[in-house]
Amino acid sequence: FRDYSHSEISRDVATIKNSVVMHLTATFLRTPASIDSAHAYLASAFSVRDRLLQRWNLTNEYHDKIGAKRVYYMSLEFLIGRTFDNALLALGLRQEYSKVLGDVGFCLEDIIDEERDAALGNGGLGRLAACYVDSMACSNYPGWGYGLRYKYGMFQQQILNGYQVEAPDCWLDSPNPWEFPRPDVTYPVKFYGHLVRDPHSEHRFKWESNVVYDAMAFDVPVPGYGTTNVGNIRLWSCKTNTLFDLNKFNSGDYQGATGGQVAAQILTDVLYPNDNTNDGKELRLRQEYLFCSATMQDILARFRKTNRPLSELPDLAAIQLNDTHPTLGVPELMRILIDDEGLSWDEAWDITTRTFAFTNHTILPEAMEKWPVPMLDKILPRHMGIIYDINLFFLQKVEKQFPGDRELLNKISIIEESNPQQVRMAFLACVGSHKVNGVAAIHSDIIKQTIFKDFVRIQGEDKFINKTNGVSPRRWMNECNPDMSDLITEVVGDRSWVNDLTKVKQLEGKLEDVNFRERWWAAKQKNKERLAEYILTTTGIKVSAHALFDIQVKRIHEYKRQLMNIFSVIYRYHLLKQMSPEQREQEVPRVVIFAGKAASGYWVAKQVIKLINSVAEVVNSDEEIGDVLKVVFIPDYSVTAAEVIIPASDISQHISTAGTEASGTSNMKFVLNGGIILGTVDGANIEIGEEIGEEQIFFFGCLAHEVEDFRHYLRFNQPKPDSALQTAFDMIQRNTFGDAQLFQPLIDAIMRGGDVYLLSVDFPSYIEAHKAVEEAYRNHDEWVTKSILSVARMAKFSSDRSIQEYAEEVWNIEPQPVLNCG
Ligand code: 26W
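First, a word on scope: everything that follows refers to the structure included in this document. (Residues numbered from 1 in each chain as written. Predicted model: local features only at pLDDT ≥ 70, side-chain atom pairs only at ≥ 80, totals over all residues. Heavy atoms only, no water.)

The subject of this paragraph is the overall build of the protein. Scanning the protein for helices and strands turns up 33 helices and 24 strands. By its C-alpha atoms, the protein is 90 × 75 × 60 Å across when sized along the principal axes. Within the span of the protein, comprising 822 residues, buried residues form 60% of the whole. When the accessible surface of the protein is split by element, carbon and sulfur atoms take 51% of a total near 31,200 Å². The averaged location of the 110 negative side-chain charges in the protein is 3 Å from the averaged location of its 85 positive side-chain charges. (Helix = DSSP H or I, 4+ residues; strand = E, 2+ residues; numbered from the N terminus. Buried < 20%, exposed > 50% of the residue type's maximum accessible area, 1.4 Å probe, protein only. Areas by Shrake-Rupley, 256 points an atom, 1.4 Å probe, with all protein chains shown as cover. Lys, Arg positive; Asp, Glu negative; His and termini not counted. Charge placed at Lys NZ, Arg CZ, Asp CG, Glu CD.)

What follows deals with unusual backbone geometry. A cis geometry characterises the amide bond from Asn419 onward to Pro420, with omega recorded as 0°. Along the chain, Pro420 turns up in the loop between strand S15 (415–416) and strand S16 (422–424). Positive phi outside glycine occurs at Asp323, with the angle close to 65°. Of note, Asp636 is a non-glycine position whose phi angle comes to about 60°, a positive value. As for its position among the elements, Asp636 is in the loop between strand S21 (629–634) and helix H25 (639–645). Residue classification places Asp636 among the partly exposed residues on the basis of a relative accessible area of 23%.

Time to look at the sheet that holds strand S7 (residues 180–191). Strand order in the open sheet made by the 9 strands is S7-S10-S11-S4-S1-S12-S13-S17-S18, with mixed pairing throughout. The sheet is open, and its two edges are formed by S7 and strand S18 (464–466), each paired on a single side. Across the sheet, the mean angle from the axis of one strand to that of its neighbour is 25°, orientation sign disregarded. Sheet strands touched by helix H33 (residues 799–811): strand S1 (70–74), strand S12 (317–322), strand S13 (356–359), strand S17 (436–438) and S18. Its angle to S12, the strand with the most contacts, is close to 115°. (Pairing = 2+ DSSP bridges. Axes fitted to C-alpha atoms, helices over the stretch in contact; angles between N-to-C directions. Contact = heavy atoms within 4.5 Å.)

Enumeration over the complete set of coordinates arrives at 53 salt bridges. Across the pair Lys771 and Glu768 runs a salt bridge, and its minimum N-O distance is 3.3 Å. With a gap of 3 residues between them, Lys771 and Glu768 both fall in helix H31 (residues 759–778), about one helical turn apart. Residue Lys771 is classed as partly exposed on the basis of its relative accessible area of 47%. Since its relative accessible area comes to 47%, Glu768 is described here as partly exposed. (Salt bridge = Lys/Arg side-chain N within 4 Å of Asp/Glu carboxyl O.)

On to the environment of His712. As for its position among the elements, His712 is in helix H28 (residues 704–716). Judged by its relative accessible area of 43%, His712 is partly exposed. Sequence separation between His712 and Ser209 is 503 residues, and the spatial gap between their C-alpha atoms is 51 Å.

The subject of this paragraph is the environment of Arg406. In this structure, Arg406 sits in helix H15 (residues 406–412). On the basis of relative accessible area, Arg406 is assigned to the exposed category, the value being 62%. It is 23 Å that separates the C-alpha atoms of Arg406 and Gly385, two residues lying 21 residues apart in sequence.

With that settled, the discussion passes to a nonpolar patch on the surface. Residues Leu246, Phe249 and Tyr254 make up a contiguous nonpolar surface patch of about 320 Å² in total accessible area. Its place among the elements puts Phe249 in helix H7 (residues 246–250). (Patch = residues over 30% accessible without salt bridge, like charges linked within 9 Å, V, L, I, M, F, W, Y side chains within 5 Å.)

Moving on, we get to the environment of Leu703. Checked against the element boundaries, Leu703 lands in the loop between strand S24 (697–700) and H28. Residue classification places Leu703 among the partly exposed positions, given a relative accessible area of 32%. In the structure, Leu703 is positioned 23 residues away from Thr680 in sequence and 8.0 Å away in space, judged by C-alpha atoms. Among residues more than four places away in sequence, those in contact with Leu703 are Ala658 and Val681.

Close to the ligand lie 21 residues, the nearest being His361, Asn469, Glu661, Ser663 and Gly664. In this structure, His361 approaches the ligand through a side-chain N or O atom, which is 2.6 Å from an oxygen atom. Ser663 places a main-chain nitrogen or oxygen 3.0 Å from an oxygen atom of the ligand. Here the shell around the ligand is composed, by residue class, of 6 nonpolar, 11 polar and 4 charged. Residue assignment places the shell around the ligand across two domains, with domain 1 (66–82 + 117–463) and domain 2 (514–797) each supplying three or more. (Near = heavy atom within 4 Å. Polar contact = N/O pair within 3.5 Å; in protein donor to acceptor, adjacent residues only side chain to side chain. Nonpolar A, V, L, I, M, F, W, Y, C, P; charged D, E, K, R; others polar. Domains from an automatic or database assignment.)

What follows is the structure, encoded as structure tokens:
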């Protein structure tokens, strides 16, 4: 066996320089005179990648050698962001590269800015997947992510005339140093066709089709911080060259010859930009299946190399379903085990359910994936048959358990008896898994009382658990907030807190240290100045870094209530206009910052963006108001933008209607960077409050258990907006922010549409909470105390904690650090 001690990599600056120069000249054909920063980035990144590749190989070879059980995190989304800086920090080579780049006339910060985000995700769910593979790598868990390599990631958002306009995200236009193509790892994936029954076996079929696509692997290394372990995200891309029709080409039909290529390519061309809405498109279903089939074939290919019987698959592989999007993995594994491997139904079902576990991330009804039976039957006839059988056997079991309860059977059936019938993917995922979890305590409770209520009764309490989300301290503290991180390092004595966040507790000992407190605040101030600069370059708006920074950044969605936020801004503007200049002087100056994308087909969300920009235009150009109030919509929110925005917050808003935000993860990021939350009693806000203490968080609004009654009331009664909310409506309707007609539908949703998200209910307490924030902010000392205390008590929200819980309670895997590596 290999001596794993050789995985130590060179820190020698001259050696690094050689490798960078080698890539500049040999990979990119640059002469010393023709180096631009784009190529300086590429050459540096390729030299880092060489180092990662060594470790990647050693890690995987080692895990194979010891026969480690692996977890496979299946997700249609990985919102990775940039990798270069992250890799430099993980390898401990940041200073060395800074020196090398400095020697050839470049500044590392500028070079870092050359990298484009890998934006293969929409929002929370995709970013969570990226944090989780980071934590697996850092904690030495043998685990891989599996996903799709979209040619176009999350669209780029431009703001034109106040409206969102989408532009394609051509992130692969220049070479991507952070992927390794694996042409040798390619699997065929079938669609359509027909079934031939096996005369000798009840459950076995032959599925014949000549519509076959090839899925090819690309590996994205995930550098572990402070360990030689390197994780992996394997992304599938549709390969097209095998679909070239030579016969058509030879007969002169050039277009027809490549027709297959075009059709195939489309499957991994573009990320669906929906967050929390299921649009039921056939192309999406085909994407999901391509993903699931390639992944299951790959996992089984790896397993077969161990020569162990298939019954032992659950001892070597755990598969986590990141929401329902990868649920076709369940019938796909069943198909392979029964049709290809010849196992009986019962053997296959036992293996499958012991392998899969499922995480639910949302309870919004419009987000629930359902596929029409006729569509599934046409595209995946074999899987439709397997799903029918899974459902049949499940219902038979339930019928035995609860004889004669027809209503129960109807409620829990995987097939919904609508017209047409639909497959309920959440039920399929639940039945096919041994564990089901929500992503924050309140959310896990809610799913047990709502969508999975009957399943808890049938399958037992123990199957339904909670795994509160977390975020990576590497990216969301150490990388994005260097000054605060240096301070923490000083207190802890070294940087080990980055992999063991419980150590930040030691900050509490520094509460009385005046000098420390000043430096803590100076770090925040510097981050605010950095954001002010970013706002100026992205929007042209000049804001004062001495104002209170009040930030709401996330996908634009009615349940997240950006509308309530902008209504409160309008009300504030109204109040300021009523004041004398002397009175205004006394106010806490505030910059209200928004960012976030609306799904391209989500009209209401897009109108909210327009309203925010219209308000910003009026307020920001009002000379009477000046710096007392500024409103900013930062375009094109992304992981990289978040890394600038989040460390700069004084207050951040997480104000979903109680019970609607499953967890939230940016709430954690803001607090980990010394910001204070203004939020509802929802998602992970609740647990954050429990950890840091209620004095450190501003809660408002109705509670989750009250929502149903309010909604019921508002279905039959007109809402009664308080005078503050009414004032905001009036100002809009008086055309203060342009044509009122544009925004009337937003008001109508409240006044005539039943106010589903309870803006009228929560508005008074929201305004009160804002007042409390302002009062607290005036007391600077108290504010700094809150900030330090919060960070000190946030250890729970490291994704390392989440991953450890999954590893121990769901996956049954153990850390396997590569040996002899210090
Ligand atoms: C099929 C369309 C679709 C696409 C994405 C439906 C649902 C989704 C995601 C599940 C939406 C999502 O990102 N949910 C968020 O997941 C985060 C990670 O667990 C949570 O922190 C957020 O509260 C939740 O909204």
